[in-house]
Structures are given as structure tokens and as C-alpha cells.
Amino acid sequence: MEESSSTPGSPTAPAATVETTSTTGIHIQDALDILTARSSCHHHDKEGEQKHSGGGCGCNHSIPKGGESMGQSIDMLPQSQTEQQQTLEEKKQLLEQERLERSSKIKEELQNMTCVELIKTVLQAQEDRVVTYRQFEEGLQQSLTTGNMSLYPIACAKATASFSVLSDTINAVIQQLKSAHNNKLLSKIMVKLQKEEKEKLNLTAALHLEKIREQGTLVEGDERTAALLSEAIMALTTKITTCVQNINEFIEELRCEAMEEDD
């Protein structure tokens, strides 16, 4: 399955200075830490209205760590920040152990696979990545549409956990191709694919951050800053589109190699 990317239409902003996320992307965990901090902060008055706008306040809340290495999806909705922290930490320990066990199992399953079967394993992982990105985007949109940013940390946890599993699988395939088949061509293509996927994920995290910041400035009526953030969103989206194009080229190369191996 080829990956897809859409470019949102955004107005051109006047030249001005504003602190925006770098259009080269930020590290996935750095972005998710910021996003989690913003989305987990909800202050309500007696009538249930938020006292802070913009998706975040200035409070120094504890940020759950370890989402990038959980290794599987998490389906939970803690009722308090303390419970969220405790639950995520407990899940992290359990899932890390499960991830190590699964990694060993994956390597065992790959041992007797042919090159074609290994390629198909990677292609399936790429299809799963497309689904994960779609769900990640849906989680962001749901949070932005409803204004309930407490949903976003869960979307982040599920996405990063799924990406971790898929990355582990492809890395295991690469090692198998090198050690058992001495296929430098296939492993080289997959290494490039992994590098491009990492860049795409970092850019996506940065894009989500800017979209949340943009909505906050619109709520506050700061049209000037919102326009500048819109420019940053357009730049990040363009870079993601380039990543997607490169990824699709690598996928096509793998498909061609699979056909040649079958002949």
C-alpha cells in the first residue's frame, strides 16, 4: 500500500517574527512530551468552561515518559493526571518486557523465511504504518474538533507504540537479510526506508504541535500569529509530502525485487 499525504490550504502570512517549530522537524519524543503537556492540562471553572485557551497553560505538570518504546497499543483513559502517570509507568514496564519477548519471537519466525517472504513482511509492515498514521491523524482531529485535548495523549501512546512494533519488525528483517542471506541490496533499501520513516514521524509530530498551537491562537483571536503558524504548517506538510514520495519509491523498489526473486 502506497502512503498518502494531503496539504491543507493555508493563507499567506505577513513577514514577521514568531517562535514556531523548526520546519526540519523535531525529535518525536520531544514533540510528544510537549503535546502531552499541553493536552493533559485542563482547568475548569464551576460551569465546566476551560480557564486557559490554546490547548495548554503554563503549568508544570508531570509528563509521562517511555511512549516511544512501549511496543504495543494502549487502550485506557485515566481519570486524573496522577493515575495517568502511574498507569503509564506500570504499562511501560510490562510492555517493555513484552517487547523484548516479542522481538526474540520475531527473529525466530524470520529465520526460515526466504528473501521474498522477508520483503513481503516489510511491505505488510508498511501497510500497517499507513493505518497507524491514519488513526494518529484521526486522534488529533477528534481532539481539535471536540476541544477535548485529554484524548490526545492516548492517541500519541497508541501511535508511538504501534510504530515501535513495526520498526522493530523491519529492523529484524534487515538483520536477517544481512546475516542469513547476505543480501546487501535489499537491506540497503530497507535501511533507507527506515531513515525516511523516522524523518516522516518527526515531521508529523512537529506538524501536530503546530496545529494545536494554531488552534490556540485562533481561539485567542491572535490572527497574526495564527497566520505565521499556518505558514509553518504548510512548510512541514510539504516536507512530509517529499518523505512520502521517497518512501513510495523505496516500496516500489522492494516490490520489483520481490518479483525478480520470484522469477
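From a predicted model like this one, the values you see are computed outputs, not experimental measurements.

Trainee: Just give me the short version of the pattern of salt bridges, but keep the residues and values in it.
Mentor: Within this structure, the stated rule accounts for three salt bridges. In this structure, Glu 137 engages Lys 211 in a salt bridge whose closest nitrogen and oxygen atoms are separated by 3.4 Å. Note that Glu 137 is positioned in helix 3 (residues 115–146) and Lys 211 in helix 5 (residues 184–220), a separation of 74 residues in sequence. Judged by relative accessible area, Glu 137 falls into the partly exposed class, the value being 27%. Lys 211 sits in the buried class, given a relative accessible area of 16%.

Trainee: For the packing of aromatic side chains, give the residues involved together with the corresponding values.
Mentor: Evaluated as defined, the whole model comprises two aromatic pairs. Arranged with centres 6.1 Å apart and planes meeting at 25°, the rings of Phe 136 and Tyr 152 form a pair that is stacked. Linking Phe 136 in helix 3 with Tyr 152 in helix 4 (residues 152–181), this pair joins segments that are 16 residues apart in sequence. Stacked on the ring of Tyr 133, the Lys or Arg Lys 200 has its end atom at 3.8 Å from the ring centre.

Trainee: I'd like a rundown of the nonpolar core, residues and numbers included.
Mentor: Grouped together as the largest cluster of nonpolar side chains are 23 residues, with contacts concentrated most on Ile 119, Val 122, Val 173, Leu 177, Met 190 and Leu 254. Elements supplying a minimum of two residues to this core: helix 2 (81–110), helix 3, helix 4, helix 5 and helix 6 (223–262). If near-sequence neighbours (up to four positions away) are discounted, Val 122 is found in contact with Ile 170, Val 173, Met 190, Leu 193 and Leu 254. Ranked by size, the runner-up nonpolar core spans eleven residues in total, among them Phe 136, Met 149, Ala 159 and Leu 201.

Thresholds, definitions, all that
Residues numbered from 1 in each chain as written. Predicted model: local features only at pLDDT ≥ 70, side-chain atom pairs only at ≥ 80, totals over all residues. Heavy atoms only, no water. Salt bridge = Lys/Arg side-chain N within 4 Å of Asp/Glu carboxyl O. Helix = DSSP H or I, 4+ residues; strand = E, 2+ residues; numbered from the N terminus. Buried < 20%, exposed > 50% of the residue type's maximum accessible area, 1.4 Å probe, protein only. Phe/Tyr/Trp six-rings, centres within 6.5 Å; stacked < 30°, edge-to-face > 60°. Lys NZ or Arg CZ within 6 Å of the ring centre and 35° of its normal. Core = buried A, V, L, I, M, F, W, Y, C linked by side-chain atoms within 4.5 Å. Contact = heavy atoms within 4.5 Å.

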